[in-house]
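Coordinates in review
What follows is the residue order along each chain.
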Amino acid sequence: MNKGLCGRKHLPVHPSIPEAEESTQRRNCDVMKRSSLISGLQLKFAQRSWNDTLLLVQRCMEKSRIESKPCEPLVRSLERLQDVLHAPCRSVTRSRLEMIAQQQGMGFHVTEDTCYLTADLFYLEVLLPPCGGVQEVKVALHGEGPVPSESFLKTLRSEDFAAFSTRLKDLFTQYNIPGDNEIKLKLLESLQFLVRDLQKMTGEAEDCDPQQQLVNNNRTGCLVAGKEVMQTAQVTVGASAVPRRLQMASVLPEPLQLDSQGCPVGAPPSEVPGEMLPACFLLRLKPPVPVLSSFVEKLSLITDVAVAQTDQQWAPLHRLLMAGSQSAEETSDQLDLFTVVLPDGETQRYVFPGASWDAPEQRATVVEAVSFTHPAQVPALLQLLRHQCAVNALLRSCWASQSAAPASPTGTPSDSQLFEVRPESSTSFSVTFTHPRTHSLAVLLVSVCGPQQITCRTFGAETSEAFLEDHMKNFLSIPATMKMLLSRLETASPPHPKSHPTSAEEDPPALMEVSQNAAVPEDSVSKTEVSPNPSVTSHLCSPVGTFAQQAEL
């Protein structure tokens, strides 16, 4: 009698048995084998707890780890098990913290009640009491004592491990300083002096949660708690091919002195102790910002650090702003067409002629970080970045969704008002539209002179330009402003005829009309949502913010 792999007896195979029956026997044997293995596993792990199973998965993950990253399938399995448990027990929290530390490339150590997540220049202490939950989280920089962190504590107590991982990644990136140990310690010391000077310049409030402090107003920013911003920036250190002289002491005297414009007066660089180091300070932008080539040159003039344009990828500004947007799927070299749906169901269509936006002054690149060497350079950098972000926000409003509750479009695309958006300079653009009463072409010229300075001029349409400017500043939305403008024009009294021709200053600019023959197929229209009251509200002055260097502490 022959025995199969599953250990059971089988009838002898006779040459007269058909091949189909032999194949059936093999399949039955395989099924019995799998059933036996599953029964054996169930019996083996019947007495094991979920925590033991999690620890087993972790051990398997460690054994299969390649280089510094764990096995991705096992990581997903562990996360799924932990999500199913939703238990605040200490072993589950400890397991999740260990996995997060490994993903960030950090060390992980455990004592009886405390987990340590360690990096070269800082570490976290997480105190886990035996009864479950998280009692306290502390952060310590190299050479300093641990400091309680409310932001980390809140995320762990709410079991929001994704937010905890994001904050830890930001902190790790911030203190991931290049160089050997000696260089790292010198750069850390220089970075700490820079942070203290920036905090003095911003007038940091003592009763604010450091994690929530963002630069919104002022020349260096007024650190305000709880403000929602579109853009943030983080101060850190990056490697430099050219050695830079960095401060090794505070550049601001005590008490702080201000000039006639209210800016802090710093000591001359020659009077401040410094050292030549293969690095420079970085203003890391989150998320990266598309910046015009003219603005890139201005950034270099402020910092005296040349930007290597050969390493940059250049494209028209509006194309960079569209990147990653679902509404940017249907485009062509000739034009980009978008349909914006307002909350009341009204639709607007925006045309961006490709040839106009390919102009040299609209050439832009995505900037992830700005290099600088002195705290006095930060106010001018922030002002320039705010200016760029104001331009970006207005252009994005022509296709980006800003509505929390999307509305259903009413009517057909042919019933929608059509607008043509063309650049007039690097920071100004025109919106051509049809006057609702006269059915002639009219133009709205928008100029972004600064982060808090937006001017509007109308040609072929009589209305209050000051009202338009206030509306544009408050909402940072072209569709919302155009909806308001059309409504005012439709209800306004017809203009009185003039007996004398208008002056040259009153003539509309020579803008190309929207081609009535350039038919666009309906399936090439991209639809998005926009709200006349976006979350940006009136914070035009705050599209760029800076986290305090020790914001995690």
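Residues numbered from 1 in each chain as written. Predicted model: local features only at pLDDT ≥ 70, side-chain atom pairs only at ≥ 80, totals over all residues. Heavy atoms only, no water.

**As for empty space enclosed by the protein**
We count it as follows: Cavities and pockets were defined on a 1 Å grid built from protein atoms only: a cavity is a group of points that admits a 1.4 Å probe but offers it no way out, a pocket is an open group of points flanked by protein on both sides within 12 Å along at least five of seven lines, and a lining residue is one with an atom within 4 Å of any such point. Grid points are joined across faces, edges and corners, and a volume is the space filled by probe spheres set on the points. Here a strand is any run of E in DSSP of at least two residues, a helix any run of H or I of at least four, and the numbering for each starts at the N terminus.
Overall, the coordinates contain two cavities of 30 Å³ or more when judged by the stated rule. Counted as a void, the second largest cavity has a volume near 30 Å³. For the second largest cavity, the full set of lining residues is Leu-317, Trp-357, Gln-362, Val-391, Leu-395, Ser-425, Ser-426, Thr-427, Ser-428 and Phe-429. Listed by contribution, the elements that provide at least two residues to the lining of the second largest cavity are helix H11 (378–396) and strand S15 (428–434).

**Describing the nonpolar core**
Most often, soluble globular proteins keep nonpolar side chains buried together rather than apart. Formally: Only buried residues count toward a nonpolar core. Its members are Ala, Val, Leu, Ile, Met, Phe, Trp, Tyr and Cys residues joined through side-chain atoms within 4.5 Å. When accessible area is computed with a 1.4 Å probe and restricted to protein chains, residues below 20% of their type maximum are described as buried, those above 50% as exposed, and intermediate ones as partly exposed. Residue contacts are counted whenever heavy atoms from the two residues lie within 4.5 Å of one another.
Leu-124 and Phe-433 are the most contacted members of the largest nonpolar core, which has 99 residues in total. Ranked by residue count, the leading element in this core is H11, at 11 residues. In this view, Leu-124 contacts Cys-115, Tyr-116, Leu-117, Val-137, Lys-138, Val-139, Phe-152, Phe-164, Leu-168 and Leu-171; residues no more than four positions away in its chain are not counted.

**Details of the packing of aromatic side chains**
Stated precisely, the cut-off is as follows: Only the six-membered ring of Trp is used, alongside the rings of Phe and Tyr, when aromatic pairs are assigned; centres must lie within 6.5 Å, and planes under 30 degrees apart are stacked while those over 60 apart are edge-to-face, with the rest tilted.
Applying the stated criterion across every chain yields a total of 10 aromatic pairs. On the numbers, 6.0 Å between centres and 50 degrees between planes, the contact of Phe-122 with Tyr-175 is tilted. Residue Phe-122 is located in strand S3 (residues 122–127), and its partner Tyr-175 is located in the loop between helix H6 (161–174) and helix H7 (181–202); the two are separated by 53 residues in the primary sequence. Here Phe-122 matches Tyr-175 in class, with each residue buried. Between Phe-338 and Trp-399 the ring centres are 5.4 Å apart and the planes differ by 35 degrees, which places this aromatic pair in the tilted class. One end of the pair, Phe-338, is in strand S11 (residues 335–341); the other, Trp-399, is in the loop between H11 and strand S14 (417–425), with 61 residues separating them in the sequence.

**Comments concerning the pattern of salt bridges**
Opposite charge on two side chains permits pairing when their charged atoms draw close. Let me state the cut-off plainly: Salt bridges are defined by distance alone: a side-chain nitrogen of Lys or Arg within 4 Å of a carboxyl oxygen of Asp or Glu.
One pass over the structure, following the stated rule, counts nine salt bridges. Two residues, Glu-182 and Lys-186, come together in a salt bridge whose shortest N-O distance is 3.6 Å. Residue Glu-182 and its partner Lys-186 are located together in helix H7, separated by four residues, close to a single helical turn. Put simply, Glu-420 and Arg-422 hold a salt bridge, and the shortest N to O gap is 2.9 Å. Here the two residues Glu-420 and Arg-422 agree in accessibility, since each one is buried. Linked by salt bridges that have partners in common, Glu-182, Lys-186 and Glu-275 make up one network.

**Some points on the pairing of S15**
Here is the rule we go by: Two strands qualify as a pair provided DSSP detects at least 2 bridges between them.
Across the seven residues of S15, six count as buried, placing the element largely inside the fold. Looking at chain direction, S14 and S15 are connected through five bridges and run antiparallel. By the bridge assignment, Val-421 is partnered in S15 with Val-431. From the end of S14 to the start of S15, which pair antiparallel, there are two residues. As paired elements, S15 and strand S16 (residues 441–450) share seven bridges and run antiparallel to each other. Paired with Phe-433 across the strands is Ala-442, a residue of S16.

**Some thoughts on the confidence of the model for the protein**
The condition is simple: Residue-level confidence of the predictor is summarised by pLDDT, bounded by 0 at the bottom and 100 at the top.
Looking at the protein, the pLDDT average stands at 75 and 67% of residues meet or exceed 70. For the protein, strand S7 (residues 223–224) is the element with the lowest average pLDDT, namely 30, and S15 is the one with the highest, namely 96. Low confidence marks residues 1–16, where pLDDT is under 50. Its contacts with residues over four positions away, or in another chain, come to 14 contacts. The low-confidence segment residues 498–553, where pLDDT is below 50, has 152 contacts with residues more than four positions distant or belonging to other chains.

**Some words on the sheet that holds strand S1 (residues 107–110)**
The cut-off we apply is this: Fitted lines through C-alpha atoms serve as axes, helices being fitted only where they are in contact, and the angles separating the N-to-C directions of these axes extend from 0 to 180 degrees.
Strands sit in the order S1-S2-S3-S4-S5 across an open sheet of five strands; the sheet is antiparallel. Lying at the two open borders of the sheet, with one neighbouring strand each, are S1 and strand S5 (147–148). Bridging between S3 and strand S4 (residues 136–141) involves six bridges; their strand directions are antiparallel. Counted as the bridge partner of Tyr-123 is Ala-140 from S4. Packing against the sheet, helix H4 (residues 90–103) makes contact with S1, strand S2 (114–118) and S3, and its axis sits at approximately 155 degrees to S1. Sheet contacts for helix H5 (residues 150–157): S3, S4 and S5; angle to S4, the most-contacted strand, approximately 140 degrees.

**With respect to the pairing of strand S17 (residues 453–459)**
Here S16 pairs with S17 via seven bridges, running antiparallel. Its bridge partner lying in S17, Leu-445 is registered against Arg-457. In this antiparallel pair of consecutive strands, S16 and S17, the connection spans two residues.

**Description of the packing of H4 against H6**
The following threshold applies: Handedness of a helix crossing follows the sense of rotation of the near helix relative to the far helix, less than a right angle counterclockwise being left-handed and clockwise being right-handed.
Between H4 and H6, the least distance of the axes is 11 Å, while the angle of their chain directions is 35 degrees. The hand of the H4/H6 crossing is right-handed. Between H4 and H6, the contacting residues are Thr-93, Arg-96, Leu-97 and Ile-100 on the first element and Phe-161, Phe-164, Ser-165 and Leu-168 on the second.

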